[in-house]
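Each chain is listed here by its residues.
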Amino acid sequence: MPFSRRRFLTGSAFALVAAAGAAAWKRSTLLPWLFSGALADAPRGPLADSTADVLRATVLALLDARVEPGHYVDCFRWRARHVRGARALYERFERHVDGAARAAGSPGFRSAPPALQRRIVAALAPARGWARARRIAFARDEARFARHVVREVFVRFAATDAWVLSGYDAWPGMPRAIVRAAKGEPVA
Amino acid sequence: MSARRVAIVGSGMMGSTLAYELTRAGLEVTVFEKGPDFPYPHRERFVETVEYGYDDPARSIAPDLRRMTNDGSYARELQRESVLRLGGAGTAWTGLATRMSPNDHLTKSRYGFGMDWPLSYAELEPWLCRAEAQLGVSGTDADNPWAPWRSRPYPLPPFELTPDDAWLAARLEAAGIRVHSTPQARTRAAYEGRPACMNVGECQVCPNGARYSSTHHLRLAMATGRCRVRTDATVRRVVTDATGRARGVAWCANGDGREREHAADLVIVAGAAFESARLLLLSRDAKHPDGLGNTHGHVGRHLVFHHIWIGHLHVHDALFAGRVGFWTAQSDQFVDPPGRGKHGGVKIELPSKPSLTHVRDAANAGSLADALRAFEVVKHCRQVGMHAESDTTGAKFVALSKDKDRYGDPVAHVHYDSSDFDRATYAYARTLFDRVADAAGAHERFFPELEGFGAFAHYMGTHRMSRDPKDGVVDTFGAVHDTPGLYAIGLGMFVGSGGAVTPTLTGVALAIRAADAIARGARA
């Protein structure tokens with residue numbers, strides 16, 4: 001059966017899209033994008049106090065009161081000012097957790113009981129396997145919250161407070177006294 | 001002919017050194033750097049990466065311009081290792097500044113492998129002193145019985161061993177392994193405009209210049225008013241005239257892609273070993289149909305890496321590795337061992353750092369309890385590295401790839417297969433690691449497989465030195481044998497791996513020596 005002009009054009013378009021998809025796949029741009037939870041592009045700018053307060057409460061909910069949350073919030077504020085898409089994500093995060101708190105009968109996340117705060121942020125912890133696939137397919141913002149808020153808190157924790165809580169005087173990156181250290185005395 | 005205008009391709013450790021020395025001698029220098037600007041001191045970078053854990057893409061070169069291909073047994077992607085930005089790898093190194101020993105220059109005649117250097121340790125020694133003065137090296141040989149002789153003391157006193165290094169040194173001493181201080185281009189005291197080290201423990205991204213960065217001297221060169229730096233500028237080839245003499249470079253601004261020519265009396269190719277070889281191969285002309293410097297087919301052929309295996313061990317005592325910044329001890333006891341020739345020499349490196357795997361586990365935890373559990377082992381473990389020399393074979397080389405960059409030029413392709421010599425060196429390094437672990441009383445140990453080594457930018461030999469043009473690409477001053485007006489200076493000049501020690505100091509010494517010769521020629 002001879003090809004009509006329409007079928008030829010449709011077939012060509014499909015072939016073109018398939019070839020472009022295969023090329024993108026081969027160049028490994030599509031796959032990482034799908035799974036990375038990369039930030040959507042949006043303007044940089046200062047974080048509103050309400051958003052910073054929600055992030056502060058999130059840090060305490062994840063790490064409990066043994067850490068001073070100030071430097072985690074500094075980190076979120078810095079990213080909001082310097083990284084495209086970060087501020088918008090933190091604002092959506094604020095709306096998301098406030099919505100979850102209200103759904104549970106609390107006026108908002110910041111004023112929610114600690115147990116509820118912990119439950120809300122625990123639901124946003126990085127996921128694996130099917131749970132991760134579900135997020136990527138149906139709840140991309142949740143995947144972004146997991147990566148850019150919840151995981152970020154643990155990354156900063158591993159780079160900072162975890163050292164002190166396990167017995168170090170200070171974490172790497174802080175100036176420390178060399179001579180006292182050589183004598184085995186406290187360095188910070 | 002008097003050379004006044006010099007084009008330098010590459011702004012890394014050697015390119016910056018050359019720019020500084022040549023502008024000081026009154027020459028006009030233009031430095032071409034493929035990567036972006038990278039402000040110095042690297043405070044901003046420190047804040048981004050250490051304080052806020054952010055790797056700013058604006059500080060990285062576009063993927064197609066950093067692209068290279070590699071195959072063979074080297075397990076890592078080399079294109080991820082290259083540091084393409086103003087100052088190159090000299091902005092991101094650990095600062096270890098060790099000297100090759102006299103025997104490292106004579107591996108063929110002493111041990112039957114590789115080729116002897118056309119330059120002896122005694123000939124190079126005065127420039128090693130100058131290199132140490134330039135980098136501001138803190139160190140002492142008083143505790144190191146294997147240190148090669150020197151004519152001048154280190155410019156700065158050494159750093160004390162960290163408590164965990166001292167703990168390990170005592171145990172290794174009892175087991176017959178001597179640990180000593182390590183020379184490092186990190187300021188034990190304020191030095192020539194650089195502050196004393198404050199021990200932030202993140203040497204690879206030092207915020208204040210205490211750890212030497214190549215951009216320190218590049219800035220000084222620019223301050224003379226005789227050094228112009230072009231960042232985001234890709235040099236596509238060296239331009240030669242009808243006589244085959246280098247007359248400049250053809251380059252493109254990465255933003256617009258329009259090719260321009262820059263005229264110069266001398267051209268110095270001073271990139272990393274892969275990129276320098278690639279540029280020589282790309283720069284074909286009627287007199288050099290296989291590329292500049294390649295009349296005898298040596299460009300790219302004698303590539304060699306250092307093979308650096310980083311293991312870690314766990315002990316019952318709390319060591320708190322990483323408590324103090326971060327590189328104070330090593331052992332040169334095995335860099336020139338009795339069996340050398342059957343296998344390579346090995347330097348024992350003792351970075352005072354815990355195993356980063358456990359730090360990462362804590363970062364990947366989903367709860368505080370998991371994070372603390374993962375972190376509990378951190379204070380009980382530390383890294384131990386084996387830094388080994390290697391040999392050259394036909395299975396280690398750089399050529400042009402089938403892949404191309406945005407300008408249509410082939411990118412570098414590296415083929416690297418470990419040799420029997422490397423396998424024997426691995427077995428030797430593994431034995432040493434086990435001796436260290438046993439002496440430390442380690443209840444758990446990890447050492448990588450043969451191909452689990454990293455080269456960490458120690459790439460050498462792609463345009464090696466020779467006295468006879470038939471044996472190499474450049475003379476001992478970096479002048480390309482078959483192309484007047486062209487120099488290729490950097491770790492690519494090395495003949496073999498230069499022993500088991502960190503190559504940077506020797507590379508800087510070679511660059512200063514070459515700059516002296518070029519300046520003398522210009523004055524003549």
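Not measured: the values here are computed from a predicted model. (Residues numbered from 1 in each chain as written. Chains lettered and ligands numbered in written order. Predicted model: local features only at pLDDT ≥ 70, side-chain atom pairs only at ≥ 80, totals over all residues. Heavy atoms only, no water.)

Undergrad: Hey, could you run me through the overall build of chain A in this one?
TA: Across its full length, chain A carries 10 helices and 0 strands. In chain A, the order of α-helices and β-strands from amino to carboxyl end is α-α-α-α-α-α-α-α-α-α. Here chain A holds 188 residues, and 40% of them are scored as buried. Of all intrachain contacts in chain A linking residues separated by at least 6 positions in sequence, the fraction that spans at least 24 positions is 61%. Within the structure as shown, chain A displays about 10300 Å² of accessible surface, and the carbon and sulfur contribution to it stands at 60%. (Helix = DSSP H or I, 4+ residues; strand = E, 2+ residues; numbered from the N terminus. Buried < 20%, exposed > 50% of the residue type's maximum accessible area, 1.4 Å probe, protein only. Contact = heavy atoms within 4.5 Å. Areas by Shrake-Rupley, 256 points an atom, 1.4 Å probe, with all protein chains shown as cover.)

Undergrad: Just to check I follow, could you spell out the packing of aromatic side chains for this structure?
TA: Residues and elements named next belong to chain B. Scanning all chains against the criterion turns up 24 aromatic pairs over all chains. Grouping aromatic residues by their ring pairs yields a cluster made of Tyr-74, Phe-274, Phe-305, Trp-309, Tyr-416, Tyr-426, Phe-433, Phe-447, Phe-453 and Tyr-459. Sitting above the plane of the Phe-38 ring, Arg-85 keeps its charged end 3.9 Å from the centroid. The ring of Trp-127 carries the charged tip of Arg-513 above its face, separated from the ring centre by 5.6 Å. (Phe/Tyr/Trp six-rings, centres within 6.5 Å; stacked < 30°, edge-to-face > 60°. Lys NZ or Arg CZ within 6 Å of the ring centre and 35° of its normal.)

Undergrad: Please explain the pattern of salt bridges as it appears in this structure.
TA: Two side chains carrying opposite charge are able to pair once their charged atoms lie near each other. Following the criterion strictly, the structure yields 49 salt bridges over all chains and no others. Between Asp-49 of chain A and Arg-77 of chain A there is a salt bridge, with the nearest N and O atoms lying 3.7 Å from each other. Within this pair, whereas Asp-49 of chain A is found in helix H3 (residues 49–63), its partner Arg-77 of chain A is found in helix H4 (residues 70–82), the two being separated by 28 residues in sequence. Note that Lys-34 of chain B is salt-bridged to Glu-275 of chain B, the shortest N-O span being 3.3 Å. In this pair, Lys-34 of chain B sits in the loop between strand S2 (28–32) and helix H2 (43–51) while Glu-275 of chain B sits in helix H9 (residues 273–282), placing the two residues 241 residues apart along the sequence. (Salt bridge = Lys/Arg side-chain N within 4 Å of Asp/Glu carboxyl O.)

Undergrad: Just to check I follow, could you spell out empty space enclosed by the protein for this structure?
TA: To find leftover empty space, a probe the size of one water molecule is rolled over the atoms. Residue and element names in this part refer to chain B. In the structure shown here, the tally under the stated rule is 6 cavities of 30 Å³ or more. Approximately 160 Å³ is the volume found for the largest cavity. Lining the largest cavity we find 20 residues, and of these Arg-99, Asn-144, Ala-147, Pro-148 and Asp-332 sit closest to its centre. For the lining of the largest cavity, the class distribution of residues is 8 nonpolar, 7 polar and 5 charged. (1 Å grid on protein atoms, 1.4 Å probe; cavity = no way out; pocket = protein on both sides within 12 Å on 5 of 7 lines; lining within 4 Å. Points joined across faces, edges and corners; volume = space filled by probe spheres on them. Nonpolar A, V, L, I, M, F, W, Y, C, P; charged D, E, K, R; others polar.)

Undergrad: Help me understand the sheet that holds strand S4 (residues 180–181) of chain B in this model?
TA: Within a sheet, neighbouring strands are paired by backbone hydrogen bonds and run either parallel or antiparallel to one another. All names here are of chain B. Taken in spatial order, the 6 strands line up as S4-S12-S13-S14-S11-S17 in an open sheet, and their pairing is antiparallel. Each end of this open sheet is capped by a strand with a single partner; those strands are S4 and strand S17 (444–446). In this sheet, S17 lies alongside strand S11 (residues 307–314) in antiparallel orientation, the contact comprising 3 bridges. The residue bridging Leu-313 from the neighbouring strand is Arg-445, located in S17. Each of strand S12 (329–331), strand S13 (346–350) and strand S14 (381–388) is contacted by helix H7 (residues 163–174), which is oriented at about 70° to S14, the strand it contacts most. Each of S11, S13, S14 and S17 is contacted by helix H12 (residues 420–440), which is oriented at about 25° to S11, the strand it contacts most. (Pairing = 2+ DSSP bridges. Axes fitted to C-alpha atoms, helices over the stretch in contact; angles between N-to-C directions.)

Undergrad: Hey, could you run me through the nonpolar core in this one?
TA: Looking at soluble globular proteins, one finds that nonpolar side chains tend to be buried together. Counting residues in each nonpolar core, the largest one holds 124 residues, and the members touching the most others are Ile-8, Ile-268, Phe-274, Phe-305 and Met-386 of chain B. Among the elements that take part in this core, helix H13 (residues 504–523) of chain B stands out by supplying 10 residues, more than any other. Once residues within four sequence positions are removed from consideration, Ile-268 of chain B is found in contact with Val-6, Ala-7, Ile-8, Val-9, Leu-18, Leu-22, Tyr-487, Ile-489 and Ile-518 of chain B. Ranked by size, the runner-up nonpolar core spans 52 residues in total, among them Val-83, Ala-86 and Ala-112 of chain A together with Ala-374 of chain B. (Core = buried A, V, L, I, M, F, W, Y, C linked by side-chain atoms within 4.5 Å.)

Undergrad: Got a minute to help me understand helix H10 (residues 356–363) of chain B in this structure?
TA: Every α-helix winds through 3.6 residues per turn, so residues three or four apart in the chain are directed the same way. Those residues of H10 of chain B lying buried are His-358, Val-359, Ala-362 and Ala-363 of chain B. Summarising the axial view, the buried residues of H10 of chain B lie within an arc of 150°, below the 170-degree limit, and thus occupy one face. Contacts from the buried residues of H10 of chain B go to helix H8 (140–159) and helix H9 (161–165) of chain A together with S11, helix H11 (368–375) and S14 of chain B. (Arc of directions from axis to C-beta.)

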